[in-house]
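# Geometric and topological summary
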Amino acid sequence: MFLIPTPRPYPEELKQIDICGLGPLRVSSALYAAGLLKGGKVVIISSQAGSVEWRKTQNAGEGGDYGHHMSRAACNIAGVLMSEELKPAGIPVVLLHPGFNRTDMTSKYSDIWDIEGAVDASEGAKRVLHEVKGVSMETTGTFINCEDGLQIPW
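Residues numbered from 1 in each chain as written. Predicted model: local features only at pLDDT ≥ 70, side-chain atom pairs only at ≥ 80, totals over all residues. Heavy atoms only, no water.

### Things to note about the nonpolar core
Among the nonpolar cores identified, the biggest contains 11 residues, and these are Leu37, Val42, Ile44, Cys75, Met82, Leu86, Ile91, Val93, Leu95, Phe143 and Ile152. Secondary structure elements with two or more residues in this core: β1 (42-45), α4 (66-86) and β2 (93-97). Here the element with the most residues in this core is α4; it accounts for three residues. Excluding residues that lie within four positions of it along the chain, Cys75 makes contacts with Cys20, Gly21, Pro24, Ile44, Ser46 and Leu95. (Core = buried A, V, L, I, M, F, W, Y, C linked by side-chain atoms within 4.5 Å. Buried < 20%, exposed > 50% of the residue type's maximum accessible area, 1.4 Å probe, protein only. Helix = DSSP H or I, 4+ residues; strand = E, 2+ residues; numbered from the N terminus. Contact = heavy atoms within 4.5 Å.)

### Regarding a nonpolar patch on the surface
Nonpolar side chains collect at one region of the surface, where Val27, Leu31 and Leu36 lie side by side and expose about 270 Å² of accessible area between them. Its location among the elements puts Val27 in helix α2 (residues 23-33). (Patch = residues over 30% accessible without salt bridge, like charges linked within 9 Å, V, L, I, M, F, W, Y side chains within 5 Å. Areas by Shrake-Rupley, 256 points an atom, 1.4 Å probe, with all protein chains shown as cover. Salt bridge = Lys/Arg side-chain N within 4 Å of Asp/Glu carboxyl O.)

### Focus on the packing of aromatic side chains
Summed over the entire model, instances satisfying the criterion amount to one aromatic pair. With centroids separated by 5.2 Å and ring planes inclined at 20 degrees, the aromatic side chains of Phe143 and Trp154 adopt a geometry described as stacked. Of this pair, Phe143 sits in strand β5 (residues 143-145) while Trp154 sits in the segment after β5, and the two are 11 residues apart along the sequence. Among the residues examined, Phe143 registers a relative accessible area of 0% and is labelled buried. (Phe/Tyr/Trp six-rings, centres within 6.5 Å; stacked < 30°, edge-to-face > 60°.)

### Considering the environment of Leu96
Relative to the helices and strands, Leu96 resides in strand β2. Look at Leu96 and you get buried, because its relative accessible area is 0%. In this structure, the C-alpha to C-alpha distance between Leu96 and Ile44, residues 52 residues apart in sequence, is 6.1 Å.

Listed below in structure tokens is the structure:
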């Protein structure tokens, strides 16, 4: 049984997929076309929410929030495809999950912030910058959790 009322055109979900799924592709493509990626790297801030495996293991039985999760899965596959396409040019592409941060977006989970180790956004940003330093052709095409530096399963 689906909890989504039908029929529904899904305008918000489509907007999220357009922004989060295609946005990194649009920006990276424009930078590449302008010659601004030479000697650089592409770092995409994604979310563990786009990991099918994570959803099934940590949140089994939970559905909903389709636009967010689908947009992040689209973002993740776009990053993997870009990493393959940009390999010959020596431009690494890595996807990063910044971790559980205390933001307006996660405020609906504020009751578990302390339990789950949510950090202030400034701390989350430092974690991201730490992982960015390690981005190389050896790490291209990976999906890294900035909380612990480990790879996230797709």
